[in-house]
Amino acid sequence: MIDWRTAWDQALYGDAGFYRTESPAAHFRTSVHASTAFAAAVLAYARRHDLHAVVDLGAGRGELLTALDAAAPGELALLGVDLRPRPAELPEPIGWSAEMPAHVDGLLFANELLDNVPCEVVERDQDGALRTVLVDPASGAEELGAPVRDPEVLEWLAAWWPLDEPGERAEVGLSRDAVWREAVSRLEHGAALAVDYGHLRQDRPPYGSLRAYRGGTEVEVRLDGTCDVTAHVAVDAVAAAVGGTLARQGGVLRDLGVDGSRPPLSLASTDPQGYLRALAAASEAAELTASGGLGDFWWIETRVG
Ligand SMILES: C[S@@+](CC[C@H](N)C(=O)[O-])C[C@H]1O[C@@H](n2cnc3c(N)ncnc32)[C@H](O)[C@@H]1O
């Protein structure tokens, strides 16, 4: 039995881990895959704030950067940072690195990175003690380990995810806070945006939100590298760690010009092809902004300088 954070880390990033062996885009669909309107909104954000470079942390296969390059060739210096090697199909002007640059002047962006940062899992036991949850990566069986003594973990739980009742459990977000704090610390001037699904202190899921996906569908959580293991992000804790503000994706994207409203029906008779194109674009925009779907994602924004 090992702690959840170690098991989860191995399952995603170990030698036989999901992100080493699988192509993530084959297993899930993020806003980046849903529509190039997402990249258009990121471009609009960069232009609005006069930013000339984009660093995409956890860039996956570089889809966002590729769309930015296509939308505005040569306008932005583009760099993907990911644990995965440079994708073969990435356009030549886009840089790629396994490490964050020492300094960023521009837009630091991360879409669905933090939900894939493994966390420790803690449960309140029947006697009221907070205990680390251990898991057998081969079988998925769990047991409660030692009482939590790390003051940092105890403080984080008290501040962000209090466990009131026996059996309640939390994914401790300290590792996510640390990843994003470290990335934002590289920002000398510009803005940082972390976009992800998450929850706030007042609506934490009482038993956590560990989930696994494979081939686009939710599957039983397995720690053998065959599926993507994820948990919603305590976004208010991350925002506090980086001095950021929170907003829902639907509102942010609408403000950046993503419009899911139906084109006027009169266009169908005057310009049938144009009408169909506008209808398809509106469908994509509606998916990106929909309540109950991608529109509920959180944008954590930090401005520097
Ligand atoms: C869910 S995918 C998201 C990919 C892309 N941003 C998108 O929206 O489609 C998460 C990506 O983050 C990468 N990743 C996870 N932890 C990382 C870290 N500490 N540094 C760099 N990349 C990381 C993974 O390799 C994976 O490609």
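Remember, predicted model here, so these are calculated numbers, not experimental data. (Residues numbered from 1 in each chain as written. Predicted model: local features only at pLDDT ≥ 70, side-chain atom pairs only at ≥ 80, totals over all residues. Heavy atoms only, no water.)

**Student:** So what's going on with the site of the ligand? Which residues, and what values?
**Tutor:** Near the ligand, the surroundings consist of 16 residues, among which T30, G58, D82, N111 and N116 are the closest. Interatomic distance of 2.9 Å between a side-chain N/O atom of T30 and an oxygen atom of the ligand. Here N111 contributes a side-chain N or O atom positioned 2.8 Å from an oxygen atom of the ligand. Contact with the protein chains covers 91% of the free accessible surface of the ligand, which is 600 Å². Along the lines of polarity and charge, the residues of the shell around the ligand split into seven nonpolar, six polar and three charged. (Near = heavy atom within 4 Å. Polar contact = N/O pair within 3.5 Å; in protein donor to acceptor, adjacent residues only side chain to side chain. Areas by Shrake-Rupley, 256 points an atom, 1.4 Å probe, with all protein chains shown as cover. Nonpolar A, V, L, I, M, F, W, Y, C, P; charged D, E, K, R; others polar.)

**Student:** Could you give an account of the pairing of strand β6 (residues 120-124), naming the residues involved and the relevant values?
**Tutor:** Counting buried residues in β6 gives four out of five residues, a clear majority hidden from the surface. Across four bridges, β6 lies against strand β9 (residues 169-172) in antiparallel orientation. Residue pairing in the sheet places E120 in a bridge with V172 of β9. Here three bridges tie β6 to strand β7 (residues 130-135), and the two strands are oriented antiparallel to one another. (Buried < 20%, exposed > 50% of the residue type's maximum accessible area, 1.4 Å probe, protein only. Helix = DSSP H or I, 4+ residues; strand = E, 2+ residues; numbered from the N terminus. Pairing = 2+ DSSP bridges.)

**Student:** So what's going on with the domain arrangement of the protein? Which residues, and what values?
**Tutor:** Segmenting the protein into domains produces domain 1 (14-115 + 175-198 + 226-252 + 295-304) and domain 2 (260-289). The straight-line distance from the C-alpha centre of domain 1 to that of domain 2 is 28 Å. Listed as interface residues are ten residues of domain 1 and, on the opposing side, four residues of domain 2. Buried surface at the junction of domain 1 and domain 2, summed over both partners, amounts to about 570 Å²; 52% is from carbon and sulfur atoms. Interface area lost by domain 1 to domain 2 is led by A34, S35 and G295, which between them contribute 47%. (Domains from an automatic or database assignment. Contact = heavy atoms within 4.5 Å. Buried area = accessible area lost by both parts, 1.4 Å probe.)

**Student:** Just give me the short version of the sheet that holds strand β4 (residues 95-97), but keep the residues and values in it.
**Tutor:** The strand order across the open sheet built from seven strands is β4-β3-β2-β5-β10-β17-β16, with neighbouring strands paired in mixed fashion. Single-partner strands in this sheet number two, and they are β4 and β16 (245-248). Each strand of the sheet is rotated relative to its neighbour by a mean of 20°, with strand direction disregarded. Sheet topology note: the strand β3 (residues 77-81)/β4 ladder contains three bridges and is parallel. The partner of G80 across the bridge, within β4, is W96. Helix-sheet contacts for helix α5 (residues 63-71) involve β2 (53-57), β3 and β5 (104-111), and the interaxial angle to β3 is about 170°. Against the sheet, helix α7 (residues 174-184) makes contact with β2, β5, β10 (187-196) and β17 (298-304), and its axis sits at roughly 150° relative to β10, the strand it touches most. (Axes fitted to C-alpha atoms, helices over the stretch in contact; angles between N-to-C directions.)

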